[in-house]
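Structural overview
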Amino acid sequence: MSEQPTDLRETVRQRYAAAAVQVTEGGGSACCGPQPVEADVNFGAARYAADERAALPAEAVAASLGCGNPTAVAELREGERVLDLGSGGGIDVLLSARRVGPTGKAYGLDMTEEMLALALANAARAGATNVEFLKGAIEAIPLPASTIDVVVSNCVINLSVDKPAVFAETFRVLRPGGRIGVSDVVADDTLTPGQRAERGDYVGCIAGALSFAEYRAGLEAAGFTEVEITPTHPVADGLHSAVVRAVKPSGAAEESGSATAAGSCRGVSACCTSDEQAGDPSTTAASTTVVVVKAASGCGCQG
């Protein structure tokens with residue numbers, strides 16, 4: 001693979017920013033609502049049941065680019081706290097919020113300003129009050145340790161340039177006994193990275209896919225147990241959409257010490273960034289949310 005990690009990350013960001021803009025700009029152009037973002041037949045809103053799509057804002061459905069329906073396999077329960085990695089236009093956050101009810105909460109994490117703006121608008125359209133969207137990278141989750149019951153994600157982990165960090169961060173934010181329910185693209189163990197790249201590009205969720213063995217090893221190295229990887233449908237020759245389940249052992253030690261201890265605020269700088277200064281009128285809704293999270297976790301803005 002010739003592209004460097006930073007270049008790949010920017011390519012992914014641009015792709016999903018463009019998808020969000022397409023949905024946003026097309027939102028009021030037709031009587032029947034926005035046109036869905038163009039995607040392969042193996043990806044998108046068709047992976048959700050008709051009644052689920054009907055209950056959500058059309059813009060959230062149109063922006064769906066995933067390869068499955070993780071909320072359908074995560075067995076969400078009333079009152080749970082859910083985190084969606086790479087939340088995009090918010091479809092899985094909104095579905096999760098409905099399942100966990102008013103006593104639960106659904107967080108969405110995305111690195112793309114345009115997708116975050118779309119997700120916030122979709123949450124307002126849906127009247128969802130138990131949701132929160134955070135700006136950040138899935139390799140450095142801006143939430144305290146042991147605070148989430150379930151982590152879901154829909155065809156996003158394969159896009160990461162540092163998958164061990166994603167698995168480690170997911171393990172960190174889950175409470176002991178917490179679990180993951182992820183849809184992702186997974187390659188046959190016989191395919192080399194070069195062969196995966198021949199079947200599709202990185203931003204198309206193909207070239208960056210882990211093999212079944214690599215995925216299992218990565219989760220187990222992070223500390224997960226009860227790992228299950230079940231293919232659901234093919235997306236390319238030797239590559240599959242798969243449901244990934246795993247559990248953080250109930251006996252796993254929680255991080256000790258205050259949230260401000262070195263390294264415990266992973267991805268959340270205690271120093272104010274330029275758009276987080278108190279009273280800064282240019283602060284976006286997404287960065288405002290990150291400031292709230294910092295304060296709540298004890299990693300508050302200090303400079």
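These numbers come from a predicted model, not from an experiment. (Residues numbered from 1 in each chain as written. Predicted model: local features only at pLDDT ≥ 70, side-chain atom pairs only at ≥ 80, totals over all residues. Heavy atoms only, no water.)

**Notes on the overall build of the protein**
The condition that has to hold: Elements are defined by DSSP. Helices are runs of H or I of four residues or more, strands are runs of E of two residues or more, and each kind is numbered from the N terminus. In this analysis, two residues are considered to be in contact whenever any of their non-hydrogen atoms come within 4.5 Å of each other. Computed with a 1.4 Å probe, the accessible areas rest on the Shrake-Rupley method; for each residue, only the protein chains presented here act as cover.
When helices and strands are counted, the protein shows 10 helices and eight strands. Partitioning the intrachain contacts of the protein with sequence separation of at least 6 by distance along the chain shows that 72% fall at a separation of at least 24. Accessible surface, the protein as shown: approximately 12800 Å² in total, 54% of it carbon and sulfur.

**Description of the pairing of strand β2 (residues 105–110)**
Spelled out, the test is: Summary of the burial criterion: residues with accessible area below 20% of their type's maximum are buried, those above 50% are exposed, and those between are partly exposed, where the area comes from a 1.4 Å probe applied to protein chains only. When DSSP finds at least two bridges between two strands, those strands are taken to pair. Crossover handedness is defined by viewing with both strands directed away from the observer: a clockwise path from the first strand over the helix to the second marks the crossover as right-handed.
Within β2, five of the six residues are buried, leaving the element largely enclosed by the surrounding structure. Where strand β1 (residues 81–85) meets β2, five bridges bridge the pair, whose relative direction is parallel. Among the inter-strand pairings, Val 82 is bridged to a residue of β2, identified as Ala 106. Crossover β1 to β2 through helix α5 (residues 91–100) is right-handed. When β2 meets strand β3 (residues 131–135), the two strands line up parallel, connected through five bridges. Residue pairing in the sheet places Gly 108 in a bridge with Phe 133 of β3.

**Considerations on the pattern of salt bridges**
Using the following cut-off: Counted as salt bridges are all cases of a side-chain nitrogen of Lys or Arg within 4 Å of a carboxyl oxygen of Asp or Glu.
On inspection of all chains with the given rule, the structure shows 10 salt bridges. One salt bridge connects Arg 77 with Glu 80, and the closest N-O pair in it is separated by 3.4 Å. The exposure class of Glu 80 is buried, given its relative accessible area of 7%. A network of salt bridges, in which partner residues are shared, links Arg 77, Glu 80 and Arg 179.

**Observations concerning the confidence of the model for the protein**
How we decide: Confidence scores labelled pLDDT are given residue by residue by the predictor and lie between 0 and 100.
Of all residues in the protein, 59% attain a pLDDT of 70 or more, and the chain-wide mean is 74. For the stretch residues 27–39, pLDDT sits under 50, and the model shows 23 contacts to residues farther than four places along the chain or on other chains. Per-residue pLDDT stays below 50 along residues 60–64; that stretch engages in 22 contacts with residues further than four places along the chain or on separate chains.

**A few points about the environment of Phe 167**
Locating Phe 167 in the fold gives a position in helix α7 (residues 163–173). Sequence-wise, Phe 167 and Gly 223 are 56 residues apart; in three dimensions their C-alpha atoms are separated by 8.8 Å. In this view, Phe 167 contacts Ile 157, Leu 210, Tyr 215, Gly 218, Leu 219, Ala 222 and Phe 224; residues no more than four positions away in its chain are not counted.

**Overview of the environment of Val 227**
Summarising the element assignment, Val 227 is placed in strand β7 (residues 225–236). With relative accessibility at 8%, the residue Val 227 sits in the buried group. Once the C-alpha coordinates of Val 227 and Arg 216 are considered, the two residues, 11 residues apart in sequence, prove to be 6.6 Å apart. Not counting residues up to four positions away in its chain, the partners in contact with Val 227 are Arg 216, Leu 219, Glu 220, Arg 245 and Ala 246.

**Let's talk about the packing of aromatic side chains**
Inclusion rule: For Phe, Tyr and Trp, rings pair up if their centres lie within 6.5 Å, where Trp contributes its six-membered ring, and each pair is then called stacked (planes under 30 degrees apart), edge-to-face (over 60) or tilted (otherwise).
This structure, assessed with the given rule, holds two aromatic pairs. Taking the centre distance of 5.4 Å and the plane angle of 45 degrees together, the rings of Phe 167 and Tyr 215 count as tilted. With Phe 167 in helix α7 and Tyr 215 in helix α9 (residues 212–222), this pair connects stretches of sequence that are 48 residues apart. As far as burial versus exposure is concerned, Phe 167 and Tyr 215 are alike and both buried.

**Considering the environment of Leu 134**
Here Leu 134 shows up in strand β3. Take Leu 134: its relative accessible area is 0%, and that puts it in the buried class. Considering only alpha carbons, one finds Leu 134 and Met 111, 23 residues apart in sequence, at a separation of 8.4 Å.

**Remarks on α5**
Of all the 10 residues making up α5, eight are buried; the element is thus mostly covered by neighbouring parts of the structure. Those residues of α5 that fall on the buried side of the exposure criterion are Ile 91, Asp 92, Val 93, Leu 94, Leu 95, Ser 96, Ala 97 and Val 100. Looking one or two residues past α5, Gly 101 carries a phi angle of roughly 75 degrees, positive in sign.

**With respect to the packing of α7 against α9**
The criterion, for reference: Here an axis means a line fitted to C-alpha atoms, over the contact stretch when the element is a helix, while the angle between two N-to-C directions is reported on a 0 to 180 degree scale. Oblique is the label for any angle not covered by the other classes, which are roughly parallel (under 35 degrees), roughly antiparallel (over 145) and roughly perpendicular (65 to 115). Crossings are classed by handedness, with left-handed meaning an anticlockwise turn of the near helix from the far one by less than a right angle and right-handed meaning a clockwise turn. Under the scheme applied, nonpolar residues are Ala, Val, Leu, Ile, Met, Phe, Trp, Tyr, Cys and Pro; charged residues are Asp, Glu, Lys and Arg; polar residues are all the others, including Gly.
At a closest axis distance of 9 Å, the pairing of α7 and α9 adopts a crossing angle of 45 degrees. In terms of orientation, α7 lies oblique with respect to α9. When the axes of α7 and α9 are compared, the crossing they make is right-handed. Residues Phe 167, Ala 168 and Phe 171 of α7 pack against Tyr 215, Gly 218, Leu 219 and Ala 222 of α9. Classifying every residue of the contact of α7 with α9 gives six nonpolar, one polar and no charged.

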